[in-house]
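Here is what each chain is made of, one letter per residue.
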Amino acid sequence: MSVNAAHWDDDRGGAFTRAMEQDGLPFPRRIWAIIAISFGTALLVLDGAIANVALPTMARELSVDDGVVTNVVTVYQLVLVMVLLPFANVGDRIGHRRLYQIGQLLFLVTSGLCFFASDLIFLLVLRAGQALGAGMALSVSSAMIRQIYPAKKLGSGLGINSVIVASSAALAPTLGGYIVAHMDWQWVFVAAAPMAIISLLLGRSLPDPVRKPLDPEWISGVWSALTMLLIIGGMQLATHGVSHWPGTVLALLGVLSAVLLVRREAARSDPVVPVDIMRQPVIGLSALAAITCFISSGALMLALPFRLEQTMGYSPDQVGLLLLPFPLTMLFVAPFAGWMSDRVAPTKLGVTGMVIAMIALALMVTMPDQPGAFGIAWRLSVAALGFGLFFAPNSRLLIGRAPKDRAAAAGGLLSTSRLLGQTMAAVVVGILLSSGLGVGPWPLIVSAVLAVVAALCSLTRFFSSGGGPAARKAAKASGSAG
């Protein structure tokens, strides 16, 4: 390396270090940055969920089977979970804001092209492009949230982000249904585009893009993506395929690939798969708790419509209304939990939340055959209260306790945990439905057991990290309490 090149790398490393030492953006830039990243988060969540309600219409107008058209959703989720960890590493090398805005631009272009989709293959290619753009943005969004907010307000920031996620997910079915009823189905994929434009226009308020002096790591990035493809694709094939064996074999090959990849990454200082920070009990157990909790809540919300419709006799539109208390309660609980996690140990909030969720799930298991709309609504609200008290504080620990120069890796790990949990929830419910147990109490029992596992992960994390004055002092120094 030449002297000039070495000097440039030193300057670049120094700039990265200085950026990591900043504690939040100044006012009023922080407000504009919050607005920019809120619109960015909303468009990605909205697009990920809005297509579901349009699937029957797409199947009819594209002349494909109902089972085939679900690939519109599956391809998006699969590509997204494949690229989160590799892109988090890329974001460190080229700058978080730069990768975030490249992702938004790619998302915007592919969304616009979806308007011209007239066959399934072209639409699937564009959905993969949307997922690539979404993956670029989501892989670094949590890292930028950590840079936007001061350490003492990180929980509040993550709580606000949880509100954006919950409200966008709640809006998606209603907006999608309105579009399908009054417009061409292609407009479903264009609906979120204005949010991308607003976020891009406000993008200069986001934290400045600073490169971390790293060499490109293509082998680990491609290996990580292929491993996720084998695991997630295998599980989905095993659940929805004619035969379970091909999918099961692929998933097992993915697990073997993951073991070998982790062994390789363990020897690297800035690995694509963040095994370095996952060795820390606070982060590793927080990620495991997040996965189990997302499976638990996902299984509840995926299985309950089958029970409400097939066992209790509610119509599809009534089922949609009966499920509303869950996201509506989350809208209020998430910011409160985030705000509280800046003042109370997140583990205390999280474990309390899981205990409340377990009680709510037990009440749903034992509810009468015809509990009435109010009986369903208040039980769902109590469950949402429990899950809401868990998510933001757990995310605060996972993001806040990672070293600042590994914030993107922690954010990628958090997003991967969420998507992996949601995908696993679909697999669990699919297995229960195919075995004839999906419309009874078993999905709720499985959900309750997973809530217990999430609580145990949180307690183990608390005690393994000390849980005493010394541990709390160290946590306070890093801007997060256990």
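Provided above is the structure to which this section pertains.
Model, not experiment: these values are computed from the prediction. (Residues numbered from 1 in each chain as written. Predicted model: local features only at pLDDT ≥ 70, side-chain atom pairs only at ≥ 80, totals over all residues. Heavy atoms only, no water.)

**Side note on a nonpolar patch on the surface**
Taken together, the side chains of Leu105, Val109, Leu113, Phe115, Phe116, Phe122, Tyr178, Met183 and Trp187 define a hydrophobic patch exposed on the protein surface, amounting to about 850 Å² of accessible area. Among the elements that make up the nonpolar patch, the one with the highest residue count is helix H6 (residues 96-114) (three residues). Mapped onto the elements of the fold, Tyr178 is located in helix H8 (residues 154-182). (Patch = residues over 30% accessible without salt bridge, like charges linked within 9 Å, V, L, I, M, F, W, Y side chains within 5 Å. Areas by Shrake-Rupley, 256 points an atom, 1.4 Å probe, with all protein chains shown as cover. Salt bridge = Lys/Arg side-chain N within 4 Å of Asp/Glu carboxyl O. Helix = DSSP H or I, 4+ residues; strand = E, 2+ residues; numbered from the N terminus.)

**Details of the packing of aromatic side chains**
Evaluation of the coordinates by the stated rule reveals eight aromatic pairs. Between Phe115 and Trp187, the aromatic rings sit 4.9 Å apart at their centres with planes inclined by 70°, giving edge-to-face as the arrangement. Remark: Trp187 occurs in the loop between H8 and helix H9 (193-201) and Phe115 occurs in the loop between H6 and helix H7 (120-148); sequence separation between them is 72 residues. Look at Phe294 and Phe391: their rings are 4.5 Å apart centre to centre, the planes differ by 20°, and that puts the pair in the stacked class. You can see Phe294 sitting in helix H13 (residues 281-311) and its partner Phe391 sitting in helix H17 (residues 372-400), a full 97 residues away along the chain. In this structure Phe391 comes out as buried when scored by relative accessible area, which is 13%. Linked through ring pairs, Phe294, Phe326, Phe387, Phe390 and Phe391 together constitute an aromatic cluster. Directly above the aromatic system of Phe27 lies the positively charged group of Arg30, at a separation of 4.3 Å from the ring centroid. Positioned above the aromatic ring of Trp218, the side-chain terminus of Arg93 is 5.5 Å from the ring centre. (Phe/Tyr/Trp six-rings, centres within 6.5 Å; stacked < 30°, edge-to-face > 60°. Buried < 20%, exposed > 50% of the residue type's maximum accessible area, 1.4 Å probe, protein only. Lys NZ or Arg CZ within 6 Å of the ring centre and 35° of its normal.)

**A word on the side chain of Thr57**
One can find Thr57 in helix H3 (residues 55-62). Leaving out residues up to four positions away in the same chain, Thr57 has contacts with Val180 and Trp185. (Contact = heavy atoms within 4.5 Å.)

**Regarding the nonpolar core**
Counting 86 residues, the largest nonpolar core has Met58, Val72 and Leu123 as its most contacted members. Broken down by element, the residue count for this core peaks at 15 residues, all from H7. Setting aside its immediate chain neighbours within four residues, Val72 contacts Leu55, Met58, Leu120, Leu123, Leu124, Arg127 and Phe189. Of all hydrophobic cores here, the second largest spans 34 residues; its members include Ala166, Phe326, Met364 and Ala383. (Core = buried A, V, L, I, M, F, W, Y, C linked by side-chain atoms within 4.5 Å.)

**A short note on the pattern of salt bridges**
This structure, assessed with the given rule, holds eight salt bridges. Residues Arg97 and Asp208 are paired through a salt bridge, measuring 3.6 Å at the closest nitrogen-oxygen approach. Of this pair, Arg97 sits in helix H6 while Asp208 sits in the loop between H9 and helix H10 (218-240), placing them 111 residues apart in sequence. Taking the relative accessible area as the measure of exposure, Arg97 reaches 11% and is therefore buried. Residue classification places Asp208 among the partly exposed residues on the basis of a relative accessible area of 48%. Two residues, Arg264 and Glu265, come together in a salt bridge whose shortest N-O distance is 3.6 Å. Arg264 gets classed as partly exposed once you look at its relative accessible area, which sits at 28%. Several salt bridges share partner residues, and in doing so they unite Arg29, Arg97 and Asp208 into one network.

**Structural notes on unusual backbone geometry**
In this structure, Pro28 follows Phe27 across a cis peptide bond, with omega equal to 0°. Tracing the chain through its elements places Pro28 in the loop between helix H1 (3-21) and helix H2 (29-50). If you check the backbone angles, Ser63 has positive phi at about 60° while not being a glycine. On the accessibility criterion, Ser63 (66% relative accessible area) is exposed.

**Some remarks on the packing of helix H16 (residues 346-365) against H17**
It is at 7 Å that the axes of H16 and H17 come closest, and there the two elements cross at 155°. If you check the angle between H16 and H17, you find them roughly antiparallel. The interaxial crossing formed by H16 with H17 has left-handed handedness. Each residue belonging to the contact of H16 with H17 can be placed in one class, and the counts come to 19 nonpolar, four polar and two charged. (Axes fitted to C-alpha atoms, helices over the stretch in contact; angles between N-to-C directions. Parallel < 35°, antiparallel > 145°, perpendicular 65-115°, else oblique. Left-handed = near helix turned anticlockwise from the far one by under 90°. Nonpolar A, V, L, I, M, F, W, Y, C, P; charged D, E, K, R; others polar.)

**What about the environment of Ala59?**
Mapped onto the secondary structure, Ala59 falls in helix H3. Taking relative accessible area as the criterion, Ala59 reaches 3% and is therefore assigned buried. Considered as a pair, Ala59 and Thr70 are 11 residues apart in the sequence and their alpha carbons are 8.8 Å apart. Once residues within four sequence positions are removed from consideration, Ala59 is found in contact with Val64, Asp65, Asp66 and Val69.

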